[in-house]
Amino acid sequence: MTHAAPNDADFDFDADFHERCLRHAAPQRILEFMFGVFGRRIAAVSSFGAESAVLLAMIAEIDPGAPVLFVDTGHLFPETLAYRDLLIARLGLTGVQTITAGQAEIERRDPGRALWAENADACCALRKVEPLAGALAPFDAWINGRKRYHGFERARLPLFERDGRRIKVNPLVNMTREDIEAAFAARGLPPHPLERHGYASIGCMPCTSRVLPGESVRAGRWRGSPKHECGIHTIIAGPRGL
């Protein structure tokens, strides 16, 4: 399914108004609305992690050719790369783009490939934040799979955010872990292969550990540090930013 994008490049999306209208809507309804408004000027960003299949399945049901941006940091688990390929084939996704940092930048800023241990924020900036920012440049809006139940900074997420000139939508924001499990079962979605080994939130190999019983779903990310986010969800001030 394809949709017409806004004719006006400066289309003014009233995030507060749509938040009030759609905050209790089902995720699929929110996605249908966003694709109806933005067409191919909206992209999904997916880590192809533990819960990613739910959002990707919903998108595939609306537009299997929708742009999906996947950042390969060079430090991902091989299981994640295999899971990406499995979901692409299973869901019929034809718009997945794998994004990487430039080799010259990696050689200049991380020649020893150990920046993750020396400065995790700098490593995330090099390998994830900056490549994604470049890949998002042509788009007016983007979709991600964050949920309030993840806790930490995500506990009070709105449905819509301003990210510089772009709109960022969190269509799964109200879903619980039980909702996610139900969606996997209802759609017959395959789990990420690392889930059975205790990984609840899956990022780069050096900075991801197993989650213990009773811990937050994201407790295994950057364990032992105050860091909970890679940086791609930092609000960027812009001419129309908040």
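Conventions adopted
Residues numbered from 1 in each chain as written. Predicted model: local features only at pLDDT ≥ 70, side-chain atom pairs only at ≥ 80, totals over all residues. Heavy atoms only, no water. Helix = DSSP H or I, 4+ residues; strand = E, 2+ residues; numbered from the N terminus. Buried < 20%, exposed > 50% of the residue type's maximum accessible area, 1.4 Å probe, protein only. Contact = heavy atoms within 4.5 Å. Areas by Shrake-Rupley, 256 points an atom, 1.4 Å probe, with all protein chains shown as cover. Lys, Arg positive; Asp, Glu negative; His and termini not counted. Charge placed at Lys NZ, Arg CZ, Asp CG, Glu CD. Phe/Tyr/Trp six-rings, centres within 6.5 Å; stacked < 30°, edge-to-face > 60°. Arc of directions from axis to C-beta. Core = buried A, V, L, I, M, F, W, Y, C linked by side-chain atoms within 4.5 Å. Pairing = 2+ DSSP bridges. Axes fitted to C-alpha atoms, helices over the stretch in contact; angles between N-to-C directions. Parallel < 35°, antiparallel > 145°, perpendicular 65-115°, else oblique. Left-handed = near helix turned anticlockwise from the far one by under 90°. Nonpolar A, V, L, I, M, F, W, Y, C, P; charged D, E, K, R; others polar. 1 Å grid on protein atoms, 1.4 Å probe; cavity = no way out; pocket = protein on both sides within 12 Å on 5 of 7 lines; lining within 4 Å. Points joined across faces, edges and corners; volume = space filled by probe spheres on them. Polar contact = N/O pair within 3.5 Å; in protein donor to acceptor, adjacent residues only side chain to side chain.

Draft legend 1. The overall build of the protein chain, seen in detail. Each helix and strand in the protein chain was counted, giving eight helices and six strands. Counting from the amino terminus, helix and strand elements in the protein chain follow one another as α-α-β-α-β-α-β-α-α-α-β-β-β-α. The dimensions of the protein chain, computed from C-alpha atoms along their principal axes, are 45 × 40 × 35 Å. Buried residues in the protein chain amount to 51% of all 242 residues. Contacts in the protein chain between residues far apart in sequence, at least 24 positions, make up 71% of those at least 6 positions apart. In the structure as shown, the protein chain presents an accessible area of about 11,300 Å², 55% of it carried by carbon and sulfur atoms. Of the side chains in the protein chain, 30 bear a positive and 29 a negative charge, and the two mean positions are spaced by 1 Å.

Draft legend 2. Representation of the packing of aromatic side chains within the structure. Evaluated as defined, the whole model comprises five aromatic pairs. Residues Phe13 and Phe33 carry aromatic rings whose centres are separated by 6.4 Å and whose planes lie at 55° to one another, so their mutual orientation is tilted. Remark: Phe33 occurs in helix H2 (residues 27-38) and Phe13 occurs in the segment before helix H1 (15-22); sequence separation between them is 20 residues. The class of Phe13 is buried, set by a relative accessible area of 2%. Assessed through its relative accessible area of 18%, Phe33 is described here as buried. Between Phe48 and Phe70, the ring centres sit 5.4 Å apart and the planes meet at 90°, which makes this aromatic pair edge-to-face. One end of the pair, Phe48, is in the loop between strand E1 (42-45) and helix H3 (52-62); the other, Phe70, is in strand E2 (residues 68-71), and 22 residues separate them in sequence. Classification of Phe48 as buried rests on a relative accessible area of 0%. An aromatic cluster is present here, built from Phe13, Phe33, Phe38 and Phe160 joined pairwise through their rings.

Draft legend 3. Expanded view of helix H8 (residues 177-187). Among the residues of H8, those classed as buried are Ile180, Ala183 and Phe184. Down the axis of H8, the buried side of the element spans an arc of 100°, and every buried residue falls inside it. Opposite the packed face of H8, turned more than 90 degrees from it, sit the exposed residues Glu178, Ala185 and Ala186. On its buried side, H8 packs onto H3 and helix H4 (78-91). Immediately downstream of H8, the backbone of Gly188 shows phi near 65°, a positive value.

Draft legend 4. View of the nonpolar core. Core analysis: the largest hydrophobic core is formed by 45 residues, its most contacted members being Phe13, Met34 and Phe160. Ranked by residues supplied to this core, first place goes to H3 with nine residues. Among the nonpolar cores identified, the runner-up in size contains 15 residues, and Ala43, Val71, Ile99 and Cys124 belong to it.

Draft legend 5. Spatial organisation of the pairing of strand E5 (residues 160-163). Going residue by residue along E5, you find Phe160 and Arg162 tucked away on one face and Glu161 and Asp163 tucked away on the opposite face as well. Hairpin connection of E5 to strand E6 (residues 166-169): two residues between the antiparallel strands, including Gly164 at a positive phi of 65°.

Draft legend 6. Up close: the packing of H3 against H4. Running from N to C, H3 and H4 cross one another at 30°; their axes reach a closest spacing of 10 Å. In terms of orientation, H3 and H4 fall into the roughly parallel class. For the crossing formed where H3 meets H4, the hand is right-handed. Facing Ala53, Leu56, Ala57 and Ala60 of H3, the residues of H4 in contact are Tyr83, Leu87 and Leu91. Residues belonging to the contact of H3 with H4 are distributed by class as follows: seven nonpolar, no polar and no charged.

Draft legend 7. Summary view of empty space enclosed by the protein. Inspection of every chain in the model, using the stated rule, returns one cavity of 30 Å³ or more. Sorting elements by how many residues they give to the lining of the largest cavity places helix H7 (residues 120-136) first, with six residues. Across the lining of the largest cavity, the residue classes break down as 24 nonpolar, 13 polar and nine charged.

Draft legend 8. Quick look at the environment of Arg223. With respect to the secondary-structure elements, Arg223 resides in the segment after H8. Spatially, the C-alpha atom of Arg223 lies 27 Å from that of Arg108, the residues being 115 residues apart in sequence. Among the polar contacts made by the side chain of Arg223, one reaches the main-chain carbonyl oxygen of Arg210 at a distance of 2.9 Å.

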